[in-house]
Amino acid sequence: MTPPPAPENLPAHIAVIMDGNGRWATARGLPRLAGHYRGAENLREMLTACGEWGIRYLTVYAFSTENWRRDRQEVDGLMTLMTDYLQSEIGNLQKNRVRLLAMGDLARLPENARATLSATIDRLQYNDGCALILALSYGGRDEIKRAAQKIAGEVAAGKLTAADLTEATISRNLDLPDVPDPDLLIRTAGEKRLSNFLLWQASYAEWYFTEACFPDFSRAHLAAAIADYQARKRKFGG
Ligand code: FPP
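The structure presented is a predicted model; accordingly, all values stated were derived computationally and were not measured.

What counts, and where the lines are drawn
Residues numbered from 1 in each chain as written. Predicted model: local features only at pLDDT ≥ 70, side-chain atom pairs only at ≥ 80, totals over all residues. Heavy atoms only, no water. Helix = DSSP H or I, 4+ residues; strand = E, 2+ residues; numbered from the N terminus. Expected span 1.5 Å × (residues − 1). Buried < 20%, exposed > 50% of the residue type's maximum accessible area, 1.4 Å probe, protein only. Contact = heavy atoms within 4.5 Å. Phe/Tyr/Trp six-rings, centres within 6.5 Å; stacked < 30°, edge-to-face > 60°. Lys NZ or Arg CZ within 6 Å of the ring centre and 35° of its normal. Near = heavy atom within 4 Å. Polar contact = N/O pair within 3.5 Å; in protein donor to acceptor, adjacent residues only side chain to side chain. Areas by Shrake-Rupley, 256 points an atom, 1.4 Å probe, with all protein chains shown as cover. 1 Å grid on protein atoms, 1.4 Å probe; cavity = no way out; pocket = protein on both sides within 12 Å on 5 of 7 lines; lining within 4 Å. Sits in = over half its atoms within 2 Å of the grid points. Nonpolar A, V, L, I, M, F, W, Y, C, P; charged D, E, K, R; others polar.

Peer 1: Can you break down helix α2 (residues 32–53) residue by residue, with the values?
Peer 2: For α2, with 22 residues, the first-to-last C-alpha span of 31 Å sits near the 32 Å given by 1.5 Å per residue. Within the sequence span of α2, burial applies to G35, H36, G39, A40, N42, L43, M46, L47, A49, C50 and W53. In this fold, the buried residues of α2 make contact with β1 (13–17), α1 (21–27), β2 (57–64), α3 (72–95), β4 (131–138) and α7 (219–230).

What follows is the structure, given as structure tokens:
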């Protein structure tokens, strides 16, 4: 049993790039989707741990704008996995008082995935536990582009002048303006890049990299990432 992290200086918001599902599966002679399925089981475990430990937000990079370019079978398989996950996990999510939020260009999702997502968000909206944020059809550049379009609309409508535009104007036009920036950003499977994830919000996030592929990323790995974060001194450029 992994002991919980020390209660002091816990990250309020953890964001995870769940990488290495494909490699994990290929190394075992399994189809790539098997790695995604195993990853989804892991996500359940991570979310439970976050709830128990008092983490307020867990954002996961479930599907990027670039992932639409993967082969059709994998894209369809991932959409089905996410839809089935939300339907089969609803009881568990409710029991753990999880709230669900989503960010990304959700209009591109297949109709049934979008409907399931929106129904699940509604059903969990009054919960007060950890918020699970699914980044779906998400790209940081795309999110900033969509924010810029909204702002341009406000300027065109005479509600805002270019001179009045501040960083806060951009923040409040992003997908989830009420969610605080991530404190800790974890990437699994040894890669050390941001891959278009939370470009605006991750400015001052603390990074943690691990060689473990996401399907192997356990509660103990998460506790180690949090302990590493707790030992750091954040300066925010000051
Ligand atoms: C990256 O690994 C992972 C993804 C593109 C998908 C992540 C999705 C899940 C873990 C499914 C669970 C999500 C929900 C919402 C149920 P990769 O396929 O790029 O791995 P590779 O680099 O080894 O090929």
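The discussion continues.
Peer 1: Describe the packing of aromatic side chains, with residues and values.
Peer 2: Here the structure, examined in full by the defined rule, presents seven aromatic pairs. Ring centres of F63 and W68 lie 4.8 Å apart, and the angle between their planes is 70 degrees; on these two criteria the pair is classed as edge-to-face. Residues W207 and F209 carry aromatic rings whose centres are separated by 5.2 Å and whose planes lie at 20 degrees to one another, so their mutual orientation is stacked. Its relative accessible area of 30% is what places F209 among the partly exposed residues. Grouped by ring-pair contacts, the aromatic residues Y61, Y138 and F197 constitute a single cluster. Taking NZ or CZ as reference, K192 lies 5.7 Å from the ring centre of F209, over its face.

Peer 1: I'd love a proper account of the site of the ligand, names of residues and values included.
Peer 2: In the vicinity of the ligand there are 17 residues, among which D19, G22, R23, R32 and R70 approach most closely. A distance of 3.2 Å is found between an oxygen atom of the ligand and a backbone nitrogen or oxygen belonging to N21. Measuring from an oxygen atom of the ligand, one finds a backbone N or O atom of G22 at 3.1 Å. Notes on the ligand: free accessible area 620 Å², of which the protein chains cover 92%. In a pocket analysis with a 2 Å cut-off to the grid points, the ligand is assigned to the largest pocket. Looking at the shell around the ligand, the elements that each hand over two or more residues are α1, α2 and α3. Here the shell around the ligand takes four residues from α2, the largest share from any one element. A breakdown of the residues in the shell around the ligand according to their chemical character gives eight nonpolar, five polar and four charged.

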